[in-house]
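# Architecture at a glance
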Amino acid sequence: MENWTTVCSQEDLTPNAGVCAKVADHQVAIFYCKRSDKIYGLSNFDPIGKANVMSRGIIGSLSGEPYVASPLYKQHYHLETGACLEEPEHALTRFEVRRQGNDIQVLAPEALAS
């Protein structure tokens, strides 16, 4: 059974920026890319800087692919996969995010494991 958690409304999202939401015991950085009209969810925890700051990162594209740059040491993480461009041994956990009407929902981590 899928367990989606409503974390905010579409109006709460700032285009081309991130917000942080707590889902179960996880901090999830949610990014709204206005140009593509896509919403992405990644772990808010920067594995290199060891802090919950990814929602404050700057989003953009590199070679046409969507990335967020860590606000601490500027590594680029792919918004669709969580993979780190500069240091491939690091990655952010990816969370499923969807729109349900005006609500933004994140799939609860327990549901991801099953």
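All of these numbers come straight from a predicted model, not from anything done at the bench.

Glancing now at the environment of Y67. By the element assignment, Y67 lies in strand β8 (residues 65-69). For Y67, a relative accessible area of 11% translates into the label buried. Note: C-alpha distance between Y67 and L79 (12 residues apart in sequence) is 5.1 Å. Ignoring anything within four residues of it in the chain, the contact list for Y67 reads I58, I59, G60, S61, L62, H76, Y77, H78, L79 and L85.

Here the focus is the nonpolar core. Judged by nonpolar contacts, the single largest core of 13 residues is most densely connected at L13, V28, I30, I39, I104 and V106. With three residues, the top contributor of residues to this core is strand β3 (residues 26-33). Listed in part, the 12 residues of the second largest apolar core include A29, Y40, L42 and Y77.

It is worth spelling out the sheet that holds strand β7 (residues 58-62) at this point. Pairing in this open sheet of three strands is antiparallel, and the strands run β7-β8-β9 from one edge to the other. Pairing within the sheet leaves two strands with one partner each, and these edge strands are β7 and β9 (76-78). On average, each strand axis in the sheet is inclined to that of its neighbour by 40°, with strand direction left out of account. By the bridge criterion, three bridges tie β8 to β9 in an arrangement that is antiparallel. Bridging from a neighbouring strand, Y67 pairs with H78 of β9.

Thresholds, definitions, all that
- Residues numbered from 1 in each chain as written.
- Predicted model: local features only at pLDDT ≥ 70, side-chain atom pairs only at ≥ 80, totals over all residues.
- Heavy atoms only, no water.
- Helix = DSSP H or I, 4+ residues; strand = E, 2+ residues; numbered from the N terminus.
- Buried < 20%, exposed > 50% of the residue type's maximum accessible area, 1.4 Å probe, protein only.
- Contact = heavy atoms within 4.5 Å.
- Core = buried A, V, L, I, M, F, W, Y, C linked by side-chain atoms within 4.5 Å.
- Pairing = 2+ DSSP bridges.
- Axes fitted to C-alpha atoms, helices over the stretch in contact; angles between N-to-C directions.

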